[in-house]
Amino acid sequence: TDEAAGKLVSYSARLQRKATEQLIEMLTSGSERAFLLSLYVCVESESLEKLDLLTDIVVSKLNEVRLKPQIAYERMDAGLRSCAPLGYNLLNVGRNMTSSSLAATFPFVSAYLEPQPKGILFGENQLDGMPIICDIFSKSFENANGLVLGMSGSGKSFAVKTILSRALQQGIDMIVLDPSEEGEYEILTTSLGGRIIEFSEKSDAFINPFQITEQSYDEKLFFLHSLMRFFVSELTDEMKDLLDEAFESIYAKRGITHDPKTWGKEAPTLSDLYSYMEKERKSSFARRAEAATAVSSSLRRFVKGSFSFINKQTNIKKLDGRFITFKIGSLPKEVRRVMMFIILEFVYNRMRRDLRKKMLVVDEAWKLLQTESEEGYILNIVKTCRHHNMGLVLITQDVYDLLTSKAGKAVMANSSWQLLLRMKPSIIDDVAATFKLNETTKNYLLTAEPGSGLFFVNNTFIPLKNIVASDEYKLFTTHPEDRRVG
Ligand SMILES: Nc1ncnc2c1ncn2[C@@H]1O[C@H](COP(=O)(O)OP(=O)(O)OP(=O)(O)O)[C@@H](O)[C@H]1O
Ligand SMILES: [Mg+2]
């Protein structure tokens, strides 16, 4: 109006008018809404002096962001009641705000995971203290598989033990493959009423990898070929052909063929394969004899030597019980890897028919994946276990090897959730590149305390802290000091 009357109007008044017009337009068009906002800041302290000091700090911090707070002198009671989460606004001092300005006042923004009703408590969101409750078997996930990565001592096994004990309470069955020398899952298993199946040179549990149980004849052969990679590091085409013939022949000798009716017969053993190779060493074809010699010499100590306990018929009848731990840590290192693979196949096939939710935990999983090719048997399990309602949880400290190998990448692509714990500086850049981490999260992972890390799920990551009660701690710890005391 002043302008219309030909008077001089200040620049700031013109700007204000323009802003008001814009606001009216946004409100009428519905792109913004108007709110009345009251912002309370509650300052608490144990003494009056400290309270005054803290109040000054809070006021100056608010001034820094151009907020001018009013201290509620003489009306403290109404102020305190308004700060309680009861929905009272007793001081009723407010300011108009548009939707976008209001959104900007939310002080803490963090990735949020809607707690899922049948979920497992993975830990606490370090940004807002919210519990991270995730149902890995829900339909919103492609599969229930997970990966737990971090350096030694970062709390991988500990975190998995936490998850495992909570999952059991949610009705999820549990199978653990524990290759640690100290048998670190033993205390937990027995305390939770689980069963331990131990494989050692003295124990009397055996699995014959040649026995056909739930799988088909062809699947068994696929497995046996993968198994041979654990005995013979470099399998040539010549050896593969020879093995093909050998398998057919030793099964046929026991009356086992492609016909499912024959699969229940007593299976051949490693000895039969060894004898076949010994015979072929005398072959008149030089390359064939050479291949047979290589295979038979790598099998010899598993048949004749001190490792011959894997050369026996399966005597584990039933895998009943909700929690089973396979303990293999007292086996010599050379056999541990082979045994892990044999148990994995055994468990997987026994569990196929059973559609109850179950988790299969493999600690120190890199041992298994080391020799795995892209089309290998383990990846087949990783990709198909969801059909049997099984979630595979792989734990490894060999993060670099996992991230850079083809098999590792395939495992990663087929796991719905990942838990990254503290990482070594030497590999942090590779981790950051794989998981697209920024500098802050990189630094966080470099210095994270045991049990703290990043939880990746549904393309978001949440800084997580795994918090346990003291009773749980005693069951989960591997710290020598804790074990000495307890
Ligand atoms: N959430 C946690 N709260 C408290 N302490 C923890 C937590 N996680 C781990 N720790 C401590 O760290 C120790 C080592 O953890 P853990 O055995 O899980 O390491 P790891 O990552 O599995 O190492 P490795 O790769 O050598 O097996 C535990 O024994 C425990 O004392
Ligand atoms: Mg561990």
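Chains are numbered independently. Their residues run from 1 in the order of the written sequence. Starting at A for chains and at 1 for ligands, labels are handed out in the order in which the entities are written. Whole-chain, interface and lining totals are the exception, using all residues; otherwise, since this is a predicted model, local features are given only for residues with pLDDT of at least 70 and side-chain atom pairs are given and counted only at 80 or more. The basis for the side-chain values is all heavy atoms of the structure; hydrogens and waters are excluded.

A. Representation of the overall build of the protein within the structure. What counts as a helix is a DSSP run of H or I of at least four residues, what counts as a strand is a run of E of at least two, and both are numbered from the N terminus. Of regular secondary structure, the protein possesses 19 helices and 13 strands. Using C-alpha atoms as the atom set, the radius of gyration is obtained and then compared with a globule rule of 2.2 Å times the number of residues to the power 0.38. Computed over the C-alpha atoms, the radius of gyration of the protein is 32 Å, more than 25% above the 23 Å expected from 2.2 N^0.38 for a compact globule of 486 residues. For the C-alpha atoms alone, the extent of the protein along its principal axes is close to 115 × 60 × 45 Å. Classification of residues uses two cut-offs on accessible area relative to the type maximum, computed with a 1.4 Å probe and protein chains only: under 20% is buried, over 50% is exposed, and between them is partly exposed. A total of 486 residues make up the protein; the buried ones form 45% of that total. Any pair of residues with heavy atoms lying within 4.5 Å of one another is described as a contacting pair. Considering only intrachain contacts with a sequence separation of at least 6, the fraction spanning at least 24 residues in the protein is 69%. Surface accessibility follows the Shrake-Rupley procedure with a 1.4 Å probe radius. Residue values consider only the protein chains on display as shielding. Here the protein has roughly 26,400 Å² of accessible surface; of this, 52% comes from carbon and sulfur atoms.

B. Quick peek at the pairing of strand β4 (residues 131-134). Residues of β4 alternate between two faces, with Ile 132 and Cys 134 buried on one and Pro 131 and Ile 133 left unburied on the opposite face. Sheet topology note: the strand β3 (residues 120-125)/β4 ladder contains 4 bridges and is antiparallel. If you follow Ile 120 over to β4, its bridge partner there is Cys 134. What sits between β3 and β4 in their antiparallel hairpin is a turn of 5 residues, with Gly 129 showing a positive phi close to 75°. Strand pairing is assigned whenever DSSP identifies at least 2 bridges connecting the two strands.

C. Representation of the side chain of Asp 363. Examined against the element boundaries, Asp 363 turns out to sit in the loop between β9 (358-362) and α12 (366-369). Neither His nor the chain ends contribute to the count of charged residues, in which Lys and Arg are positive and Asp and Glu negative. When a carboxyl oxygen of Asp or Glu lies within 4 Å of a side-chain nitrogen of Lys or Arg, that pair is called a salt bridge. Buried within the structure, Asp 363 lacks any salt-bridge partner; its nearest side chain of opposite charge belongs to Lys 161, at an N-O separation of 6.4 Å. In the analysis that follows, any N or O atom pair within 3.5 Å is treated as a polar contact, provided that within protein one partner can donate a hydrogen and the other can accept it, and provided that, for residues neighboring in sequence, both atoms belong to side chains. At 2.7 Å, the side chain of Asp 363 forms a polar contact with the side chain of Tyr 185.

D. The arrangement of the packing of aromatic side chains in detail. Think of it this way: a Phe, Tyr or Trp ring, Trp meaning its six-membered ring, pairs with another when their centres are within 6.5 Å, and the plane angle makes it stacked under 30 degrees, edge-to-face over 60, tilted otherwise. The tally for this structure, following the rule as stated, stands at 18 aromatic pairs. Look at Phe 122 and Trp 417: their rings are 5.2 Å apart centre to centre, the planes differ by 75°, and that puts the pair in the edge-to-face class. Of this pair, Phe 122 sits in strand β3 while Trp 417 sits in strand β11 (residues 417-420), and the two are 295 residues apart along the sequence. Centre to centre, the rings of Phe 158 and Phe 476 are 5.5 Å apart; their planes meet at 90°, and the pair counts as edge-to-face. Taken as a pair, Phe 158 in helix α5 (residues 156-169) and Phe 476 in helix α18 (residues 470-476) lie far apart in primary sequence, 318 residues in all. Phe 476 carries the same exposure label as Phe 158, and that label is buried. Through pairs of rings, three or more aromatic residues link up here, namely Phe 222, Phe 223, Phe 230, Phe 341 and Tyr 377.

E. Focus on the site of ligand 1. When we say a residue is near a molecule or strand, we mean one of its heavy atoms is within 4 Å of it. The environment of ligand 1 is formed by 17 residues, the closest being Ser 152, Lys 156, Phe 158, Tyr 473 and Thr 478. Taking Gln 397, its side chain carries an N or O atom lying 3.1 Å from an oxygen atom of ligand 1. Between ligand 1 and Thr 478 there is a distance of 2.6 Å, counted from an oxygen atom to a side-chain nitrogen or oxygen. Taken by itself ligand 1 offers 630 Å² of open surface, and the protein chains cover 83% of this. Ranked by the residues each element gives to the shell around ligand 1, the list is headed by α5, at 3 residues.

F. Local environment of the domain arrangement of the protein. What counts as a domain boundary in this text is fixed by an automatic or database domain assignment. Per the domain assignment, the segments making up the protein are domain 1 (33-104), domain 2 (120-204 + 319-485) and domain 3 (217-303). Between the C-alpha centres of domain 1 and domain 3 the distance comes to 78 Å.

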